[in-house]
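Below are the chains, spelled out letter by letter.
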Amino acid sequence: MTALSELAELSDLAAEVVAAVSAASTVEELRALDAAALGKKGPLAQRKAQLGGLAPDDRRVVGQALNAAKEAIEAAVQSRRRTLEAGARAALLEAERLDLTEVGRARRRGHLHLVTQTRDELEDVFVGMGFQVAEGPEVETDWHNFEALNIPPAHPARSAFDTLYVDWGEPESTVLRTHTSPVQIRVMTTQEPPIYSVMPGRVYRQDTPDASHLPNFHQIEGLVVDRGITFGDLAGTIDLFTEAYFGRGIRSRLRPSYFPFTEPSAEFDITCPFCGGEGCRTCGRTGWIELGGCGMVHPNVFRAVGYDPEVWSGYAFGFGIDRLAMNRHGIDDIRELIVGDIRFLEQF
Amino acid sequence: MRVPLSWLRELLADAPPDDDLVRVLPTLGLAVESVERVGDPLDGVVVARVLDIAPIEGADKIRLVQVDAGGGEDDPVAVVCGAWNFAVGDLVPLATVGTVLPGDFQIAQRRLKGVTSNGMLCAADELGLGADHAGIFVLGRGSVDGLEPGRPFVAATGLGPDTVLDLEVNGNRPDCQSMIGVARDLAARFGLDVVRPEVLYPIVAEADIAGGAARPTVEIDAPEGCGRFLARVLTGVSVGPSPLWLARRVELAGMRAISNVVDVSNYVMLEWGQPNHAYDLAALPGRGLRVRWARGGERLVTLDGVDRTLSDSDLLICDAEDAPVGLAGVMGGASSEIGDATTDVLVELAWFDAMTVARTSKRLNLRSEASARFERGTDPEVLEEAADRFSTLLGASGVATVEGDVVVGEAPARTRVTLRPARVNALLGTTMGDDEIVGHLDALGFSVAGPLPGAGGAPASAGEVTAYDVTVPSWRPDSSAEIDLVEEVARLHGYDRIPRTVPVSSRTGRLTHHQRARRGLRQVVAGTGASEAWTTTFLSAGDVARVGLDIEGTLRVTNPLVADESQLRPSLLPGLLAAAAYNASHRQADLALFEIGRTFRRPPVAPGAEADRLPDEREELGILLAGRDAVAATEVWQAVAEGLGLAEVELVTAAAPGLHPTRCAQILVGGKPVGWVGEVDPAVVEAVGLTGRVGWVEARLDRLLAERPPVQLHPVSRFPSSDIDLAFEVVDDVPAAAVERTLRREGGELVVDTWLFDVYRGAPVAEGHRSLGFTVRFQAADRTLTDDEVATARTRLIDSVTSTHGATLRG
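Criteria and thresholds
- Residues numbered from 1 in each chain as written.
- Chains lettered and ligands numbered in written order.
- Predicted model: local features only at pLDDT ≥ 70, side-chain atom pairs only at ≥ 80, totals over all residues.
- Helix = DSSP H or I, 4+ residues; strand = E, 2+ residues; numbered from the N terminus.
- Rg over C-alpha atoms; globule rule 2.2 N^0.38 Å.
- Buried ≥ 20, exposed ≤ 12 C-beta atoms within 10 Å, placed from the backbone.
- Contact = placed C-beta atoms within 7 Å.
- Pairing = 2+ DSSP bridges.
- Axes fitted to C-alpha atoms, helices over the stretch in contact; angles between N-to-C directions.
- Expected span 1.5 Å × (residues − 1).
- Arc of directions from axis to C-beta.
- Nonpolar A, V, L, I, M, F, W, Y, C, P; charged D, E, K, R; others polar.
- Core = buried A, V, L, I, M, F, W, Y, C linked by C-beta atoms within 7 Å.

*Asks:* Hey, could you go over the overall build of chain A for me, with residue numbers and the actual values?
*Replies:* Of the regular secondary structure elements, chain A holds 12 helices and 10 strands. Its C-alpha atoms give chain A a radius of gyration of 43 Å, more than 25% over the compact-globule value 20 Å for 348 residues. In terms of its C-alpha atoms, chain A occupies a principal-axis envelope of roughly 130 × 50 × 45 Å. The buried share of chain A, taken over its 348 residues, is 42%. Considering only residue pairs separated by 6 or more positions, chain A has 65% of its internal contacts joining residues 24 or more positions apart.

This is the structure we're talking about:
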């Protein structure tokens, strides 16, 4: 065997194996070809074992050719393996194909009620302003709901509250609270000033249900009692809250009004958030939306809870939570809030 | 309060334009609810007198009318008219040729059936004055002062354009339930003068009284109920329609025009805020009135025709023979009502106690324009002025002689209040000078005297006034304390001129544990797929009974609007069931709803001496799973318990009202009952119109969200754990939870977890039994457990379960 013929054979062998490898159709076939060509008993190994029988120069030349043949086969195997693996993976993935639009409606997600969401957001704004959140009973004593709030029995203002009475104790001694203000009394009779609190909750009136009235609805009320609190502080607080909750550019204004438990009293309006004060359908073209009532805590209220009105002053404000939510979300009928229609609840 | 601006302007010299008034009124506390423009200029419409009415040949619906339109009888104007309600001599409005009537209706010369019509006689609606199209608007008859033929209609009748403001008057401002009160506030803000209307018809001296009748007598037997009383007699009254302008003002102000006497009475009330009552003197035997308390059970037929039974807290006006003729301050009696034949009128103007009127009005549920004013407090000093206005106005239409006047009672001394300017600024956050404060009060009719050095206990330092002595005007019953004056100063100063500041809270703003935990609970429940509903607090008795709750234990509203809403909910179940039924009826089934709200119960013991004692009121959670069973409800409850991180949670099989008797368990947390889980009783489900199973969870929040000590870390073992499975055959009566508890208890520290992985009923398990398969996981904190240790423990668990529950281990 000459070195020359040896070289030619090697070249043919390598080409033959490379061709076979490139034609392999499975990883297993490839592995068998690889083992056959490059294994310990394969043709290259056999030839390598016989190198010792060659002249030194031939040995070097044939040795180099052997290496080259081996590398060529290895490269071909590796390349073919990649191709085959990619094909197998593609086939596997193809077999796993899913049409995700075939998936039916998932289980319903639960939604918090719009009133809850609105109440939480309001609470958060006030908490950020240093207020605590206080709560009280919905069935209240006449004293907490009226008398302590400077509304003695037979006071003409009582008729405006459309009070619902509960058959508990003496007749007309127990009421469904007509506003959240009795919580002010509960806070003041159990805490020393300073007080910075908001009081959200459900309140009751003897109202015939219609688009804007329900016999039970929700209010939030604020109370601040400290030394040197002024009407200017009240106006400033309402302004600050208005901007924090409704956003930049929304201002507030106060108009004189009357509530027995505050003096001076005011109603407060905010810039209509829909038109920014330009005037639209929602605000009746006035540019303002009426939000709630407020005022300086009346000295008689302080006297009722045992605070000295010469030492302490304070303000209170309140407004409807439902109304706010309705305004914000374009709800025309307050009864929607209480029906429990899932198609309504799931929108918020 | 409806305020025609023409009226207001009469009382206010040099008032600014309408727009300024509308802008300023709310800043004074008089919110403008609406601005209504009424009437038209009606140029070209004149007063005309009908001279002749003649038929037109070939026409049976229209006639040819000759009228005097200012040219005299010799120069009549001929118009064709299709109305038949007038006669020769009547004064009617004529729209002359060229006039443009409201609705852009142009009047032109027309020829009809061979005659020429030079204008149109108008009905009220054609002039934009109401909806009356019944016939031609007959203004008067014969010769009437002011209604001279040819005179422009608006000038002659006062029925021109006007603007009516609807003002919302606050309850503390009875003075602003009158034109004069509104005028006073505006005058104060704009620095204008209030004009007092002209007063005519002085009282005839006693000696000159024609006919020689004595003056009326007035007796007040109830001075606590009536502080002042003025009775005035007007004779020679002819009852008839009011002048058009007066009737129109009364109507624009929201009242019905009836007759000159009644209209004048209302006009005076609207203008001066002083209700008054006109009696037919002929129906008052003895020419006298007496004010006294009613006797219990006494009766009176009021003007509205209702026979009313009175109580001894009602104040009565009686005639001189003590027969009731009026319910003081509320409504007059029917017997002495002004009628067409009335010629002599006694008008009553009184100052009644506000509480007395309020009490009677409320008790009888009888509200009138008079009671609305009296019950808030009227001006004790205005009686004479209002009486003079009454005679002046009636004199203008009714030709009356004022024959007698009796006033009983003195107006009380005006209220005096000490005002500290420093206090004003301290409460408002302003830096007004004394002169500014005094100026505001003065403009509003408060008279300020002083200074009072040293008042309020503090000595005045040089140049500093500590207090003023302020006298409150008689028309401001709302002002009786310093704070009331602070409000007046702020109001006139303008709320928008008070500098805005923000106090810095010295408190930490945060939610309480309960509030934070409740928010977390909502999220956890919503995470199970339930949506939150807010259902009504009110139920019907049937709703309560339907869910098996005791109606005796339920609180009731004593004055519900409708009987269906008389019970305070003792449970959230009826409300959520109703919501689910509503959804089902709208093809929304298989949904989960929850609510967190208050429930109310009558406690077993009646309220005791503690004044503050209230019925039981709880905050509860209710979760309703429409179309899902008790197992689903239990899974939801487990998710809630897990989400809240509750420890020591147990379910104890028990029955509760409204729930499925055999698919229900009580929830215990830390051994305390917290609520119920299970299924709604199928009978209840059916009764509310639902179908299928309805899962239910309820829990009271005070216990569910009780504050617990912070969780302490239980170190996670780094050693391997071993699981064993044990299946027991257990009789149905023994709850799986009981078996699991035994496994946990007996396993002690080595058992780190147990769970039920299989329940099997059927052969070969005996009837009335089931197989419960539990996995028990063993693990030690400090070592790998040996097979022996696990085997020993296993034997102990098996022994314990078999002996405790009569169970057998299944091979």
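Having seen it, we continue.
*Asks:* Kindly report on the sheet that holds strand 2 (residues 31–38) of chain B, identifying the contributing residues and their values.
*Replies:* All names here are of chain B. With respect to topology, three strands assemble into an open sheet ordered 1-13-2, the strand pairing being antiparallel. Two strands in the sheet have a free side with no partner beyond their single neighbour: strand 1 (2–4) and strand 2. Ignoring strand direction, the axes of neighbouring strands in this sheet form an average angle of 25 degrees. Here three bridges tie strand 1 to strand 13 (residues 162–168), and the two strands are oriented antiparallel to one another. Bridge assignment links Val3 to a residue of strand 13, and that residue is Leu165. The strands that helix 5 (residues 244–252) touches are strand 1, strand 2 and strand 13; relative to strand 1, the one it contacts most, it runs at about 145 degrees.

*Asks:* Let's hear about unusual backbone geometry: which residues, and what values?
*Replies:* Cis geometry is adopted by the peptide bond preceding Pro194 of chain A, which originates at Pro193 of chain A and carries an omega value of 0 degrees. Within the secondary structure layout, Pro194 of chain A lies in the loop between helix 7 (181–190) and strand 5 (195–204). Cis geometry is adopted by the peptide bond preceding Pro764 of chain B, which originates at Ala763 of chain B and carries an omega value of 5 degrees. Turning to its location among the elements, Pro764 of chain B is positioned in the loop between strand 38 (751–760) and strand 39 (769–778). For Glu172 of chain A, which is not a glycine, the phi torsion comes out positive at approximately 60 degrees.

*Asks:* Account for the pairing of strand 23 (residues 345–352) of chain B, naming residues and giving values.
*Replies:* Residues and elements named next belong to chain B. The buried fraction of strand 23 amounts to eight of the eight residues, a majority that puts the element mostly inside the structure. Burial along strand 23 is two-sided: the face carrying Val345, Val347, Leu349 and Trp351 and the face carrying Leu346, Glu348, Ala350 and Phe352 are both buried. As judged from the eight bridges shared by strand 15 (residues 226–235) and strand 23, these two strands associate in the antiparallel manner. Across the sheet, residue Ala231 finds its bridge partner in strand 23, namely Glu348. Across five bridges, strand 16 (residues 276–280) lies against strand 23 in antiparallel orientation. The residue bridging Ala278 from the neighbouring strand is Val347, located in strand 23.

*Asks:* Account for helix 7 of chain A, with residues named and values stated.
*Replies:* Those residues of helix 7 of chain A that sit buried are Ser181, Pro182, Val183, Gln184, Ile185 and Met188 of chain A. Contact partners of the buried residues in helix 7 of chain A: strand 2 (139–141), helix 6 (142–145), strand 5, strand 6 (216–226), helix 9 (299–305) and strand 10 (313–320) of chain A.

*Asks:* Account for helix 19 (residues 736–747) of chain B, naming residues and giving values.
*Replies:* Residues and elements named next belong to chain B. For helix 19, built from 12 residues, the straight-helix expectation of 16 Å at 1.5 Å per residue is met to within 8% by its first-to-last C-alpha distance of 16 Å. For helix 19, every residue scored as buried is listed here: Val739, Thr742 and Gly747. Along the axis of helix 19, the buried residues cluster in a sector spanning 120 degrees; they form a single face. On its buried face, helix 19 is in contact with strand 37 (722–731), strand 38, strand 39 and helix 20 (787–805). Following helix 19 by one or two positions, Gly748 has its phi on the positive side, about 60 degrees.

*Asks:* Describe the environment of Glu121 of chain A, naming the residues involved and giving the relevant values.
*Replies:* All names here are of chain A. With respect to the secondary-structure elements, Glu121 resides in helix 5 (residues 114–128). Accessibility expressed as a C-beta count within 10 Å gives 15 for Glu121, which makes it partly exposed. Separated by 194 residues in sequence, Glu121 and Tyr315 have C-alpha atoms that sit 22 Å apart.

*Asks:* Explain the interface of chain B and chain A to me, and be specific about the residues and the numbers.
*Replies:* Facing the 77 residues of chain B at the interface are 74 residues of chain A. Among the secondary structure elements, those contributing two or more residues to the side of chain B that touches chain A are helix 7 (354–363), helix 10 (421–428), helix 12 (482–493), helix 13 (513–527), strand 28 (531–532), helix 15 (573–585) and strand 31 (592–601) of chain B. Residue composition of the side of chain B that touches chain A, grouped by class: 35 nonpolar, 23 polar and 19 charged.

*Asks:* Break down the nonpolar core for me, citing the residues and quoting the values.
*Replies:* With 250 residues, the main nonpolar core has Leu94, Val345, Leu593, Ile623 and Leu624 of chain B as its most contacted residues. Not counting residues within four places of it along the chain, the set of residues in contact with Leu593 of chain B comprises Gly340 of chain A together with Ala530, Ser531, Ala533, Leu576, Ala579, Ala580 and Leu624 of chain B. Formed by 14 residues, the second largest nonpolar core is a distinct cluster that contains Val17, Val18, Leu30 and Ala69 of chain A.

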